[in-house]
Amino acid sequence: MLLSENPDTNINHCLSTHAPLESEDAAGLTDLLACAVRRAQGEHLVRAECSSGHGVYVSSQRPTTKAQRDAHEHARESFTKVAMKLLPLILRRWRSDEAVAGPLIETTRHLKLEHYSLKHKEADFEELMNCVVDVFLQHHSRRVLDACVSAMHYAVTEGFDSLREIGNRCRDTVFLEVTKRLHTAVGGARSWRAKDSKSRSKQEPMLTLCHW
């Protein structure tokens, strides 16, 4: 559903499984996905009531039994196998919509990164991380930025060396681009202040004459 773009217009939207989602529907679906992935890992989800919480839900951990931990691990395995193929595709499709991209990126910290190395899918992981970088540089909401930073931190601290190297490259790319934008913004502000100061200095003699 999240990948559908060109449905048969003669098919009723409610009946078509390939009808494209509206932004609001896609956001709700990805929020549900993010919560389901977290819940499958044993997180107890609580609706966030305070303004400090930027996600739909906050979570807390509860003590688990061995059977529950095994079930969580199996769920993580299943999610990773599906997400390795579909997550980059869905992110590319919805990367301009922060309400959809944010929850999707939040799920990356639940991936079993060793699968990328063991299956020689480093290129797929790099594609995923490049999508994360694109989303980070394109949006400014706290939820999206937190999700992207969390994803990059997970990439550089987990998994094998080859994946950490990819994570480090993405982190460096973000750092350089943000630094460049800050430099441009600061330079623009200084230029505006200089012009404003020069304009005021020219106006002061005229104001003095008028007052005279």
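The written sequence of each chain sets the order in which its residues are numbered from 1. Confidence filtering applies because this is a predicted model: local features only for residues at pLDDT of at least 70, side-chain atom pairs given and counted only at 80 or more, and all residues used for totals across whole chains, interfaces and linings. To obtain the side-chain values, all non-hydrogen atoms of the structure were used and water was disregarded.

> Before we go on, may I ask you to explain the overall build of the protein in this structure?
Numbered from the N terminus, helices here are DSSP runs of H or I no shorter than four residues, and strands are runs of E no shorter than two. Counting secondary structure elements, the protein contains seven helices and two strands. Counted from the first residue to the last, the protein has its helices and strands arranged as α-β-β-α-α-α-α-α-α. A 1.4 Å probe rolled over the protein chains alone gives each residue an accessible area, and that area as a share of the maximum for its type sets the label: buried under 20%, exposed over 50%, partly exposed in between. By the burial criterion, 33% of the 212 residues in the protein qualify as buried. The contact definition used throughout considers only heavy atoms, calling two residues in contact when any of these lie within 4.5 Å. If you take every contact in the protein between residues at least 6 apart in sequence, the share linking residues at least 24 apart comes to 63%.

> Explain unusual backbone geometry to me, please; I cannot follow it from the model alone.
What is expected of a backbone is that most residues other than glycine have negative phi and most peptide bonds are trans. With a phi close to 55°, histidine 120 is a non-glycine residue in the positive phi region. Here histidine 120 is to be found in the loop between helix H4 (114–118) and helix H5 (122–138). The exposure class assigned to histidine 120 is exposed, which follows from its relative accessible area of 65%.

> Would you take a moment to explain the nonpolar core for this structure?
Soluble, globular proteins show a tendency: their nonpolar side chains are buried together. We define the nonpolar core as a collection of buried residues of types Ala, Val, Leu, Ile, Met, Phe, Trp, Tyr and Cys that are connected through side-chain atoms lying within 4.5 Å of one another. The biggest cluster of nonpolar side chains holds 39 residues, and the ones touching the most others in it are Leu91, Ile105, Tyr116, Phe125 and Cys148. Elements supplying a minimum of two residues to this core: helix H1 (23–40), helix H2 (66–94), helix H3 (98–106), H5, helix H6 (142–157) and helix H7 (161–211). Sort the elements by how many residues they give to this core and H5 lands first, with nine residues. When residues no more than four places from it in sequence are discounted, the contact partners of leucine 91 are Ala101, Leu104, Ile105, Leu128 and Cys131.

> When you look at the pattern of salt bridges in this model, what are you seeing that I'm missing?
Pairing is possible between side chains that carry opposite charge, provided their charged atoms lie close to one another. A carboxyl oxygen of Asp or Glu within 4 Å of a side-chain nitrogen of Lys or Arg is what we treat as a salt bridge. One pass over the full model with this rule turns up 15 salt bridges. Taking the shortest distance from any N to any O, the salt bridge between glutamate 77 and lysine 112 comes out at 2.9 Å. In this pair, glutamate 77 sits in helix H2 while lysine 112 sits in the loop between H3 and H4, placing the two residues 35 residues apart along the sequence. Relative accessible area serves as the criterion here: at 23%, glutamate 77 is assigned to the partly exposed category. Within this structure, Glu73, Glu77, Lys112 and Glu114 form a network of salt bridges that share partners.

> Looking at this model, I keep getting lost on the packing of H1 against H2. Mind explaining?
Each pair of packed helices can be summarised by the angle the axes make with each other and by the distance between the axes. It is at 11 Å that the axes of H1 and H2 come closest, and there the two elements cross at 155°. When the interaxial angle is binned, H1 and H2 end up roughly antiparallel. Taken as a pair, H1 and H2 cross one another with a handedness that is left-handed. Here Ser23, Ala26, Val37 and Ala40 of H1 come into contact with H2, specifically with His72, Ala75, Phe79 and Trp94. Its residues assigned to classes, the contact of H1 with H2 comprises six nonpolar, two polar and no charged. To define axes, lines are fitted to C-alpha atoms, for helices over the stretch in contact only, and angles between the resulting N-to-C directions are given on a 0 to 180 degree scale. For classification, angles of less than 35 degrees are called roughly parallel, those exceeding 145 degrees roughly antiparallel, those between 65 and 115 degrees roughly perpendicular, and all remaining angles oblique. The sense of a crossing depends on the near helix, which, turned anticlockwise from the far helix by less than a right angle, makes the crossing left-handed and, turned clockwise, makes it right-handed. The residue classification treats Ala, Val, Leu, Ile, Met, Phe, Trp, Tyr, Cys and Pro as nonpolar and Asp, Glu, Lys and Arg as charged. All others, Gly included, are polar.

> Hey, could you run me through the environment of histidine 110 in this one?
Inspection of the secondary structure assignment puts histidine 110 in the loop between H3 and H4. Here the alpha-carbon distance between histidine 110 and glutamate 77, two residues 33 residues apart in the chain, equals 9.4 Å. Residues within four places of histidine 110 in sequence aside, it is in contact with Val37, Arg38, Gln41, Glu43, Arg76, Phe79 and Thr80.

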